[in-house]
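# Chain and residue survey
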Amino acid sequence: MAFQPPYSPSLFRKRDNASGASVVAIDNKIEQAMDLVKNHLMYAVREEVEILKEQIRELVEKNSQLERENTLLKTLASPEQLEKFQSRLSPEEPAPETPEAPEAPGGSAV
């Protein structure tokens, strides 16, 4: 009697092919899942970028409006009002003083 192995080498080939096919199938599913995640993230990022662009547009518009308003107010304000305003903005810096001649009561210095 000749020795026969309890297995056939062709069984391993079939198993290798089957396991190889299942590995490929798993790899494909992983790749599909990664593509799905990537697409979802890209969509979310694009949506966020659009929201931020709109906020930037609104802020630029508001800034322009405030700059125009500021320019108008500066042109309408008297020098005294501007000086008073500047002194309120920067209390740590002394406001530039303009020398004024003291007036005597009654309007005469003599």
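Here the residue index of a chain counts from 1 through its sequence in written order. In view of the model being predicted, local features appear only for residues whose pLDDT reaches at least 70, and side-chain atom pairs are presented and counted only at 80 or more, with totals across whole chains, interfaces and linings using the full set of residues. Remark: hydrogens and water are excluded; side-chain values derive from all non-hydrogen atoms of the structure.

### Some remarks on the overall build of the protein chain
- Put simply, DSSP H or I for four residues or longer makes a helix, DSSP E for two residues or longer makes a strand, and each gets a number counted from the N terminus. Scanning the protein chain for helices and strands turns up two helices and zero strands.
- Reported accessibility uses the Shrake-Rupley method at a 1.4 Å probe radius. Residues are deemed covered only where the shown protein chains occlude them. For the protein chain, the accessible surface area stands at approximately 10,800 Å², while carbon and sulfur atoms represent 60% of it.

### Examining the pattern of salt bridges
- Only one rule defines a salt bridge in this text: a Lys or Arg side-chain nitrogen within 4 Å of an Asp or Glu carboxyl oxygen. Taken as a whole and judged by the stated rule, the model has one salt bridge.
- Glu54 is paired through a salt bridge with Arg57; the nearest N and O atoms lie 3.0 Å apart. Pair noted here: Glu54 and Arg57 are both in helix 1 (residues 9–76), with a separation of three residues, about one helical turn.
- Judged by its relative accessible area of 35%, Glu54 falls in the partly exposed class.
- Under the scheme applied here, a residue whose accessible area is under 20% of the maximum for its type counts as buried, over 50% as exposed, and between as partly exposed, the area being computed with a 1.4 Å probe on protein chains only. Exposure remark for Arg57: the relative accessible area of 47% places this residue in the partly exposed category.

### Brief notes about the confidence of the model for the protein chain
- Values of pLDDT, ranging from 0 to 100, describe the predictor's confidence in every residue of the model. With 65% of its residues at a pLDDT of 70 or more, the protein chain has an overall mean of 79.
- Counting interchain partners and residues more than four positions distant, the pLDDT-below-50 stretch residues 99–110 has one contact. Here, two residues are considered to be in contact whenever any of their heavy atoms come within 4.5 Å of each other.

### Regarding a nonpolar patch on the surface
- A cluster of nonpolar side chains, contributed by Ile26, Ile30 and Met34, occupies part of the molecular surface with about 310 Å² of accessible area.
- Tracing the chain through its elements places Ile30 in helix 1. Within this analysis, patches are made of residues with over 30% relative accessible area and no salt bridge. Like charges are joined at 9 Å or less; nonpolar side chains (Val, Leu, Ile, Met, Phe, Trp, Tyr) at 5 Å or less.

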